[in-house]
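# Structural description and commentary
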Amino acid sequence: MSTPDTSAAPGQYSSVRIEKGVRDPFVAQVTLIGPGPHNGMGPDFWAEMPRVMAELDADPEVRAAVIAGEGRNFSYGLDLMAMMPQFMDFLPQDKTPDASRNERILDFVENMRRAIDSVASAKTPTVAAVQGRCIGGAVDLISACDVRHGAADSSYSIREVKVGIVADMGSLARLPHIIGQGLTRELALTGRDIDAETALRYGLVTHVAEDAAGVLDSAHATAAEIAGNPPLVVRGTREVLNRGIEGQIYENNRYVATWNAGFLASADMMEAISATLEKREARFTGR
C-alpha cells in the first residue's frame with residue numbers, strides 16, 4: 001500500500017463522511033461509512049484517515065471531533081475481502097527465499113497503521129461514539145481516541161487472534177494504558193467479546209448511553225465541552241498526556257510490525273481466512 005496522498009481536495013472521501021458545525025460550531029463528526037459491510041475498514045479507510053485528520057487539524061473552526069459509525073454497528077474492523085489482494089501478494093509463490101516480501105509486509109503494516117496513529121497524534125481531540133459491534137481494527141481506532149462512549153448494546157473484541165494475525169494497528173500498545181494489562185491480555189489472547197457494562201467497569205468507555213442516538217448525544221456533549229475550553233490549553237494537556245506514553249507505544253508498534261513482517265504469511269493465517277470465508281471452525285497447526 002502506498003503512502004496516502006495528502007494533497008487531494010478536502011472532503012472527498014469514500015470511507016467516511018465529515019460534517020462540521022451541525023450540533024456545535026466547533027465540533028465535527030467523522031462517520032465511518034464503509035464502503036465495506038458494517039463500516040468495514042478497507043483500502044480506502046487506511047489511505048484516507050490521515051488526510052481526514054489533517055483536514056480537521058487545518059480547520060480553525062474545528063476544536064473537537066466525534067468519531068461514529070453509520071448504521072447498527074460502529075465497525076466490524078478490517079474488511080477482509082477488500083484487503084485480500086494485498087494479503088495474497090504476501091504469500092510465497094514457491095520455496096525460493098525472498099527477503100523483499102518481508103520488507104513489503106513491514107511497509108504495508110506501517111502504512112496502514114498511519115491511519116490509526118493519525119487520530120492519536122492529531123491536534124484535534126476525538127470522542128468515539130460506539131454502538132453495536134466494535135471489532136478488531138475498530139478497537140484500534142477507538143483506543144487512539146481521547147474519550148470513548150458506548151451504547152448499551154455495544155460490544156468490543158480484539159479479534160485478530162481469530163484470523164491468525166498479531167494485532168498490529170496499535171491496540172496492544174494503547175489498551176494497557178487504558179484498561180490495564182490483565183484485561184488487555186485476556187481479550188487479545190482469547191478474541192472474546194466484552195459488553196458495554198464490562199467496558200465501562202474497566203474504563204474502556206467512560207459513559208454508557210441507552211442506545212445509538214443517546215451515545216451520539218453524549219459524545220457530542222463531551223466534544224462540545226472540550227471545544228469550549230481554550231484550544232491551546234486543550235492541545236497542551238493532550239500533548240503532556242501523550243508524551244508520557246508515546247515512546248512505549250512507538251516501540252511496541254514497531255516491534256509488532258517487525259514480528260508480522262516475519263510471521264504474518266503463515267499457514268494458520270490462510271486457514272483462518274479460509275475458515276471465515278467458508279463459515280466453519282478453523283483448524284490451526286502452528287505453521
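Residues numbered from 1 in each chain as written. Predicted model: local features only at pLDDT ≥ 70, side-chain atom pairs only at ≥ 80, totals over all residues. Heavy atoms only, no water.

### Focus on the sheet that holds strand 5 (residues 133-135)
Here is the rule: DSSP calls a pair of strands paired once it identifies at least 2 bridges connecting them. Secondary structure is summarised from DSSP: a helix means a run of H or I of at least four residues, a strand means a run of E of at least two, and numbering begins at the N terminus for each. Between the N-to-C directions of two axes lies an angle of 0 to 180 degrees, each axis being a line fitted to C-alpha atoms and, for a helix, fitted only over the stretch in contact.
Taken in spatial order, the 3 strands line up as 5-7-8 in an open sheet, and their pairing is mixed. Of all strands in the sheet, those bounded by a partner on one side alone are strand 5 and strand 8 (193-195). For this sheet, the mean angle separating the axes of adjacent strands, direction not counted, is 20°.

### Describing the packing of helix 5 (residues 171-179) against helix 9 (residues 231-263)
As a reminder, the rule being used: Between two residues, a contact is recorded if the distance between any of their heavy atoms is within 4.5 Å. By the convention adopted, Pro, Cys, Tyr, Trp, Phe, Met, Ile, Leu, Val and Ala count as nonpolar, Lys, Arg, Asp and Glu as charged, and the other residues, Gly among them, as polar.
In contact at an axis separation of 8 Å, helix 5 and helix 9 are set at 145° when each is read in the N-to-C sense. On helix 9, the residues that touch Leu 172, Ala 173, Arg 174 and His 177 of helix 5 are Ile 245, Gln 248, Ile 249, Asn 252 and Asn 253. The residue inventory of the contact of helix 5 with helix 9, partitioned by class, reads 4 nonpolar, 4 polar and 1 charged.

### Focus: a nonpolar patch on the surface
Where we set the bar: Nonpolar side chains (Val, Leu, Ile, Met, Phe, Trp, Tyr) are joined into patches within 5 Å and like charges within 9 Å, using only residues with over 30% relative accessible area and no salt bridge. Residue burial considers only the protein chains on display, and all accessible areas are found by Shrake-Rupley using a 1.4 Å probe. Any carboxyl oxygen of Asp or Glu within 4 Å of a side-chain nitrogen of Lys or Arg constitutes a salt bridge here.
A cluster of nonpolar side chains, Val 166, Tyr 255, Trp 259 and Phe 263, forms an exposed patch at the surface whose accessible area comes to about 440 Å². Note that Trp 259 resides in helix 9.

### Some points on the sheet that holds strand 2 (residues 27-32)
Taken together, 6 strands build an open sheet; the order of strands is 1-2-3-4-6-9 and the sheet is mixed. Lying at the two open borders of the sheet, with one neighbouring strand each, are strand 1 (16-20) and strand 9 (207-209). For this sheet, the mean inter-axis angle between neighbouring strands, taken without regard to orientation, is 20°. Sheet topology note: the strand 6 (residues 147-151)/strand 9 ladder contains 3 bridges and is parallel.

### Quick notes on helix 9
It helps to recall that an α-helix has 3.6 residues per turn; residues three or four apart then point in one direction. This is how it is decided: Note on bend: the value at a residue is the angle between axes fitted to the seven residues ending there and to the seven starting there. With a 1.4 Å probe rolled over the protein chains alone, any residue whose accessible area is under 20% of its type maximum counts as buried; one over 50% counts as exposed, and the rest are partly exposed.
The sharpest bend along helix 9 comes to roughly 45°, located at Ile 245. Within the span of helix 9, buried status applies to Val 234, Arg 238, Ile 249, Asn 253, Val 256, Ala 257, Asn 260 and Ala 261.

### Description of the side chain of Thr 31
In this fold, Thr 31 is placed in strand 2. Those residues in contact with Thr 31 that sit more than four places away from it in its chain are Ser 15, Val 16, Arg 17, Glu 19, Ala 68, Gly 69 and Glu 70.

### Quick word on unusual backbone geometry
Cis geometry marks the peptide bond from Gly 34 to Pro 35; its omega dihedral reads 10°. Position of Pro 35 among the secondary structure elements: in the loop between strand 2 and helix 1 (43-58). With phi around 55°, Asn 39 is a residue other than glycine that occupies positive phi space. Counting through the fold element by element, Asn 39 comes out in the loop between strand 2 and helix 1.

### Notes on the pairing of strand 6
Within strand 6, 5 of the 5 residues are buried, leaving the element largely enclosed by the surrounding structure. Side chains of strand 6 alternate between two faces, with Val 147, His 149 and Ala 151 and Arg 148 and Gly 150 buried alike. Pairing between strand 4 (residues 126-130) and strand 6: 4 bridges, direction parallel. Note on strand 6: the bridge partner recorded for Val 127 is Val 147.

### A closer look at the packing of aromatic side chains
Inclusion rule: For Phe, Tyr and Trp, rings pair up if their centres lie within 6.5 Å, where Trp contributes its six-membered ring, and each pair is then called stacked (planes under 30 degrees apart), edge-to-face (over 60) or tilted (otherwise). Whether a charge sits over a ring comes down to the Lys NZ or Arg CZ being within 6 Å of the ring centre and within 35 degrees of the ring normal.
Under the counting rule described, the total for this entry stands at 2 aromatic pairs. With centroids separated by 4.9 Å and ring planes inclined at 85°, the aromatic side chains of Phe 45 and Trp 46 adopt a geometry described as edge-to-face. Neither residue differs from the other here; Phe 45 and Trp 46 are each classed as buried. Note that Arg 63 overlies the ring of Phe 26, its terminal NZ or CZ placed 3.9 Å from the centroid. Geometry around Tyr 76 places Arg 133 over its ring, the cationic atom sitting 6.0 Å from the centre.

### Thoughts on the confidence of the model for the chain
Which entries qualify depends on this criterion: How sure the predictor is of each residue is captured by pLDDT, a score from 0 to 100.
Per-residue pLDDT for the chain averages 90, and the proportion of residues at 70 or more is 93%. Low confidence marks residues 1-8, where pLDDT is under 50. Its contacts with residues over four positions away, or in another chain, come to 16 contacts.

### A closer look at the pattern of salt bridges
Under the definition given, this model contains 16 salt bridges. Two residues, Glu 110 and Arg 113, come together in a salt bridge whose shortest N-O distance is 2.7 Å. Of this pair, Glu 110 and Arg 113 both sit in helix 3 (residues 99-121), 3 residues apart, which is roughly one turn of that helix. You'll find Glu 110 and Arg 113 in the same group, each marked buried. In this structure, Asp 193 engages Arg 133 in a salt bridge whose closest nitrogen and oxygen atoms are separated by 2.9 Å. In this pair, Asp 193 is assigned in strand 8 and Arg 133 in strand 5, connecting sequence segments 60 residues apart. Residue class for Asp 193 comes out partly exposed when judged on its relative accessible area of 34%. Note on Arg 133: relative accessible area 24%, which makes it partly exposed.

### Quick look at empty space enclosed by the protein
So the rule is basically this: A cavity, in this analysis, means grid points on a 1 Å lattice covering only the protein atoms where a 1.4 Å probe fits yet has no way out; a pocket is instead an open set bounded by protein on both sides within 12 Å along at least five of seven lines, and a residue lines either one if it has an atom within 4 Å of a point. Grid points are joined across faces, edges and corners, and a volume is the space filled by probe spheres set on the points.
Tallying each qualifying case throughout the model produces 1 cavity of 30 Å³ or more. Considering only enclosed or pocket space, the largest cavity measures out at about 30 Å³ in volume. Considering the residues around the largest cavity, the lining is formed by Val 139, Tyr 156, Ser 157, Ile 158, Leu 175, Leu 187 and Leu 204. Residues of the lining of the largest cavity, tallied by class, amount to 6 nonpolar, 1 polar and no charged.

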